[in-house]
Amino acid sequence: MIQNDLHITICKNNHTKALSLQFLDILLDETLLYGTVYIPTVCFRNVSTLNHRLPGKQVYELVLRLASEYPVVLTDTPPANDKECMVLVFEPEPLGMDSLKSDCYIISRYKSLLQEHHFFDAAVTSILDAAQSIDAQSEIISFLSDMLSEAPAYEYLYAGSQPFLIYTGDTVCYQILSVFAEQFGAALRRLGYLVEYFDLSQEDFTEAYRFIGKNYQAVIGVQSYMFSAKLNHDMGFLHDKIIGPKYNFILDHPSRVENHLKEVPKQLTILAVDRNYAAYAKKTYPVNAIFFPPGGICTSFEPQERIFDVTFIGSYFDNFSFVLERFSEFSRQDRFLANRFWLIMKKSPALPAEEALSMALEHYHMQLSWAEFAELFHRFRDLIVYMATYYRMKVLRTLLEAGIPVHVFGTSWKSCPLRANPNFIWHNEDLSTDECLLVWQQSKIALNTMTWHKDGITERILNSMLQKAVVLTERNPYMEEAFCDGKDVLLYDLDKLNELPKIIQNTLPYPEKLSAIAKNGYLNALENHTWDSRAKEFIHILT
């Protein structure tokens, strides 16, 4: 329910008597709003923020949407609680194509009301007369026709004021997918956008049928199966009936979720955490794909004592047993090829998996079409994950055998042979996201290994930085572009692990050095890599 005392204030210096404006008055005469506009931020729970897709008159169009929900008061006195308001200045815009196109959109959106009060023809005539005065009547007539017929151009502009729909409730990976979805949605809300959630843990996916015919700025999932959902009776994809672009945030290599990418609805874009993954998805599946890193979680925490020198939060797999099992499932030819693939990744761990597989094929003088290559890559997909596990173990073993204690968190380490090393300090507990953040707040150095991301980043890196821990992670092109080794992050090379202990030994004993790197990493992440940053980047992508 809308609060009765909420209202939009239009402040003009020469207007001494408070005056309530009616919606139709504002629609017919935008000059009434020239002044400073105060919008209580709580209003954005019901009305989305500025429509950045409009070429002009964004403040005017926003006030119109607000005026359909809240009273608008014209006065010379700013509201007493102006610090809780968005403050915008609405000034006359020069007559031009941008302002006229925005007028076309506005009268199209409120066509029924204008017709009901017999003002529609006059509004159209006014626009056409203005267009003729700048010799643009032909172009404006065409644009107005698109707006009035609600053509795709109209839908695009209209969607700029509509909510986002985000799928949440996935319990995979200690609920990390839901955490991503919730953090992204919260960041969009902080920007003033409307966000609707569909909680998959509470509702059957068929309940999403209620979104059919609705218009959204975007429909967003995090490694979600929802985009492959089809309607009954061969009626096609559910999301072809929901208006707006669709985005699926994929955290793993796309080949690992291939079943949900081979057949997809229209307007589906993959957001990939690695540039190689984006290129692979775009080449292999009927989707668009862009590189879009995750964001980090900001917390307002009380300064914690850094009781852990080096921490590692992650999972353990018995990769050797798994690989033997997988190899036994392959044909004889595939076993030879998989073995070569495995050896190349093992010897050259900086290579993307696709490049390593190409080298294995070259070794046996095999030439495949891209479709055949992708099919083979999909068959070998698990070998990549478990090669990452092999190096995860090797990283830890290197530190432990160098006499560097590492605090390792997670119940999956129970059967890990590294536990026999006295420097392996096991914390037999699976951590929630908040508990992970607390551990990093108590850590001097947060160790990270990638799941074979060779040109990207993980949320753990950013979350660690935002808890003011020094991040020690693998080198790759994106990490070197976004951060400075030795200044705001510590980078190591998987093919030079003999140098890894020295990185810690040259940093850990020096509190001032640790503090400087932690502070620089924190400031870099805070400015460029929070979920708020990602939400702004996403809005830019949409517009």
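Just so it is clear, the model here is predicted, and its values are computed rather than measured. (Residues numbered from 1 in each chain as written. Predicted model: local features only at pLDDT ≥ 70, side-chain atom pairs only at ≥ 80, totals over all residues. Heavy atoms only, no water.)

A. Broad picture of a negative patch on the surface. Among the surface-exposed residues, Glu429, Asp430, Asp434 and Glu435 lie close enough to one another that they form a single negatively charged patch. By secondary structure assignment, the location of Asp434 is in helix α15 (residues 433-441). Classification of Asp434 by relative accessible area gives exposed; the value is 61%. (Patch = residues over 30% accessible without salt bridge, like charges linked within 9 Å, V, L, I, M, F, W, Y side chains within 5 Å. Areas by Shrake-Rupley, 256 points an atom, 1.4 Å probe, with all protein chains shown as cover. Salt bridge = Lys/Arg side-chain N within 4 Å of Asp/Glu carboxyl O. Lys, Arg positive; Asp, Glu negative; His and termini not counted. Charge placed at Lys NZ, Arg CZ, Asp CG, Glu CD. Helix = DSSP H or I, 4+ residues; strand = E, 2+ residues; numbered from the N terminus. Buried < 20%, exposed > 50% of the residue type's maximum accessible area, 1.4 Å probe, protein only.)

B. Region of interest: the sheet that holds strand β6 (residues 164-168). As summarised here, the arrangement of the six strands in space is β7-β6-β8-β9-β10-β11, forming an open sheet in which the pairing is parallel. Pairing within the sheet leaves two strands with one partner each, and these edge strands are β7 (195-199) and β11 (288-291). Ignoring which end each strand starts from, the neighbouring axes of this sheet average 25° apart. Pairing of strand β8 (residues 218-222) with strand β9 (residues 246-250), which is carried by four bridges, proceeds in the parallel orientation. Following the sheet pairing, Ile220 is matched in β9 by Tyr247. Its contacts with the sheet put helix α9 (residues 275-284) on β10 (268-272) and β11, and the angle it makes with β11 is roughly 170°. (Pairing = 2+ DSSP bridges. Axes fitted to C-alpha atoms, helices over the stretch in contact; angles between N-to-C directions. Contact = heavy atoms within 4.5 Å.)

C. Focus on α9. Those residues of α9 that fall on the buried side of the exposure criterion are Tyr277, Ala278, Tyr280 and Ala281. An end-on view of α9 places all buried positions within 165° of arc, on one side of the element. For α9, the exposed residues lying more than 90 degrees away from the buried face are Ala279, Lys282 and Lys283. Those residues of α9 hidden inside the fold are in contact with β10, β11, α12 (353-363) and α13 (370-379). Between the side-chain oxygen at the start of α9 and the backbone nitrogen of Asn276 there is a gap of 2.6 Å, and the oxygen is on Asp274. (Arc of directions from axis to C-beta. Polar contact = N/O pair within 3.5 Å; in protein donor to acceptor, adjacent residues only side chain to side chain.)

D. Spatial organisation of the environment of Tyr280. Residue placement: Tyr280 occurs in helix α9. When the C-alpha atoms of Tyr280 and Ser255 are compared, they prove to be 8.6 Å apart, with 25 residues separating the residues in sequence. Among residues more than four places away in sequence, those in contact with Tyr280 are His253, Pro254, Ser255, Tyr285, Glu354, Trp370, Phe373, Ala374 and Phe377.

E. Inspection of the sheet that holds strand β13 (residues 406-409) at higher detail. The strand order β14-β13-β12-β15-β16-β17 describes an open sheet built from six strands, whose pairing is parallel. Both edges of this open sheet fall to β14 (424-427) and β17 (490-492), since each of them pairs with a single strand only. Between one strand axis and the next, the sheet turns by 25° as a mean value, whatever way the strands run. Two elements, β13 and β14, share four bridges in a ladder whose sense is parallel. If you follow Val406 over to β14, its bridge partner there is Phe424. Across the sheet, α15 lies against β12 (308-313), β13 and β15 (443-447), angled at about 155° from β12, the strand it touches most. Running at roughly 160° to strand β16 (residues 470-474), helix α16 (residues 459-466) makes contact with β12, β15 and β16 of the sheet.

F. Structural detail: the packing of aromatic side chains. What the rule picks out here adds up to 35 aromatic pairs. Ring centres 4.9 Å apart and planes at 75° place the aromatic pair Tyr247 and Phe538 in the edge-to-face group. Of this pair, Tyr247 sits in strand β9 while Phe538 sits in helix α20 (residues 531-542), placing them 291 residues apart in sequence. For Tyr247, a relative accessible area of 7% translates into the label buried. Owing to a relative accessible area of 0%, Phe538 belongs among the buried residues under this scheme. Within the aromatic cluster, the residues linked to one another by ring pairs are Phe164, Phe180, Phe184, Tyr193, Tyr247, Phe249, Phe292, Trp531 and Phe538. One residue, Lys283, lies across the ring of Trp370, its end atom 3.9 Å from the ring centre. (Phe/Tyr/Trp six-rings, centres within 6.5 Å; stacked < 30°, edge-to-face > 60°. Lys NZ or Arg CZ within 6 Å of the ring centre and 35° of its normal.)

G. Inspection of the pairing of strand β3 (residues 35-40) at higher detail. Extensive coverage of β3 is indicated by the burial of five of its six residues. One ladder, built from six bridges, connects β3 with strand β5 (residues 85-90); its direction is antiparallel. When the bridges of β5 are listed, Tyr38 appears paired with Val87.

H. The state of the cysteines, seen in detail. All told, the structure shown has zero disulfides when counted by the stated rule. Free of any disulfide, Cys43 has its nearest cysteine sulfur in Cys85, 8.0 Å distant. On the basis of relative accessibility, which here comes to 0%, the residue Cys43 falls in the buried class. (Disulfide = S-S within 2.5 Å.)

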